[in-house]
Amino acid sequence: DGGITQSPKYLFRKEGQNVTLSCEQNLNHDAMYWYRQDPGQGLRLIYYSQIVNDFQKGDIAEGYSVSREKKESFPLTVTSAQKNPTAFYLCASSRGATSALSSYEQYFGPGTRLTVT
Amino acid sequence: EDKVVQSPLSLVVHEGDTVTLNCSYEVTNFRSLLWYKQEKKAPTFLFMLTSSGIEKKSGRLSSILDKKELFSILNITATQTGDSAVYLCAVEARRYGGATNKLIFGTGTLLAVQP
């Protein structure tokens, strides 16, 4: 079965702790993305990666970090510098991130709900 | 600033009703418009629209894009309780110079279908 997995589904942390959210895909997709979803707001892009060992900041990258050491994996670390980390985090992937010829839909993982107290 | 606006924010209907969800956008270098259905967790892909006036259809769902007026609609006929979800509209904006194309999401329309 091809797809995107995120773990864990629910995560609780104390304020001041860093936490890493996992995202793995076996779709052989080049591009991967992290979004944050808050109530009443659309998905907002945190970081994205077009290819292994490369990633770019999205609209709300402050307080987050990522790595892309393998094509299949794109973990997100929520650092203690993130002011409001409690949110629902969604990882996505697509065949390609840039193309003059085709657009590629993004496929989403099941999400991780992070609660920081 | 790029923006995508969905309306209504929420909608309650009865089974069997037909609903129309709206998505308007102001995006530089439009590439495509996508509709997703989000039930509890992962948004699932419904449609991608790139050309005006061509309806895309999947069962009871259909969607069309108007690039002149900058909007899209998603229609659901003969609604069922299983259609209850948040419907997300996203617009892909092309970026140049090697930058990734960007998806700008609307806030979604929450649809509740009552038996």
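Residues numbered from 1 in each chain as written. Chains lettered and ligands numbered in written order. Predicted model: local features only at pLDDT ≥ 70, side-chain atom pairs only at ≥ 80, totals over all residues. Heavy atoms only, no water.

*Asks:* Break down the sheet that holds strand β7 (residues 61-66) of chain B for me, citing the residues and quoting the values.
*Replies:* Two modes of strand pairing occur in sheets, parallel and antiparallel, and in both the strands are linked by backbone hydrogen bonds. Residues and elements named next belong to chain B. What the 5 strands build is an open sheet, ordered β1-β3-β8-β7-β6; its pairing is antiparallel. The open sheet has two edge strands with one neighbour each: β1 (3-7) and β6 (56-58). Strand-to-strand, the axes of this sheet are offset by a mean angle of 15 degrees, without reference to chain direction. Pairing analysis gives 6 bridges linking strand β3 (residues 19-26) to strand β8 (residues 71-76), with the strands arranged antiparallel. By the bridge assignment for β8, Leu21 is matched with Leu74. (Pairing = 2+ DSSP bridges. Helix = DSSP H or I, 4+ residues; strand = E, 2+ residues; numbered from the N terminus. Axes fitted to C-alpha atoms, helices over the stretch in contact; angles between N-to-C directions.)

*Asks:* Describe the pairing of strand β5 (residues 44-51) of chain A, with residues and values.
*Replies:* All names here are of chain A. Of the strand pairs in this sheet, strand β4 (residues 31-37) and β5 are connected by 5 bridges, and their pairing is antiparallel. Paired with Tyr33 across the bridge in β5 is Tyr48. Between β4 and β5, which pair antiparallel one after the other, the connecting turn spans 6 residues, and Gly40 there sits at a positive phi close to 75 degrees. One ladder, built from 3 bridges, connects β5 with strand β6 (residues 54-57); its direction is antiparallel. Its bridge partner being in β6, Ile51 is matched across the sheet by Asp54. With antiparallel pairing between neighbouring strands as the criterion, β5 and β6 make up a hairpin whose turn holds 2 residues, including Asn53 at a positive phi of roughly 65 degrees.

*Asks:* Could you give an account of the sheet that holds strand β7 (residues 64-66) of chain A, naming the residues involved and the relevant values?
*Replies:* Residues and elements named next belong to chain A. The strand order across the open sheet built from 4 strands is β1-β3-β8-β7, with neighbouring strands paired in antiparallel fashion. Bordering the open sheet on either side are β1 (4-7) and β7, each of which pairs with just one other strand. Between one strand axis and the next, the sheet turns through 20 degrees on average, direction left out of account. Pairing analysis gives 3 bridges linking strand β3 (residues 19-25) to strand β8 (residues 76-78), with the strands arranged antiparallel. In the sheet register, Leu21 faces β8, and the bridge partner there is Leu76.

*Asks:* For the state of the cysteines, give the residues involved together with the corresponding values.
*Replies:* All names here are of chain B. The full count for this structure, using the stated rule, is 2 disulfides over all chains. Residue pairing for Cys23: its cysteine sulfur links by disulfide to Cys89, the two sulfurs lying 1.9 Å apart. Taking the sign of the torsion about the S-S bond as the criterion, the disulfide between Cys23 and Cys89, at about -70 degrees, is left-handed. Taken together, the residues span a long stretch of sequence, with Cys23 in strand β3 and Cys89 in strand β9 (residues 85-93) at a distance of 66 residues. Cys89 gets classed as buried once you look at its relative accessible area, which sits at 0%. (Disulfide = S-S within 2.5 Å. Buried < 20%, exposed > 50% of the residue type's maximum accessible area, 1.4 Å probe, protein only.)

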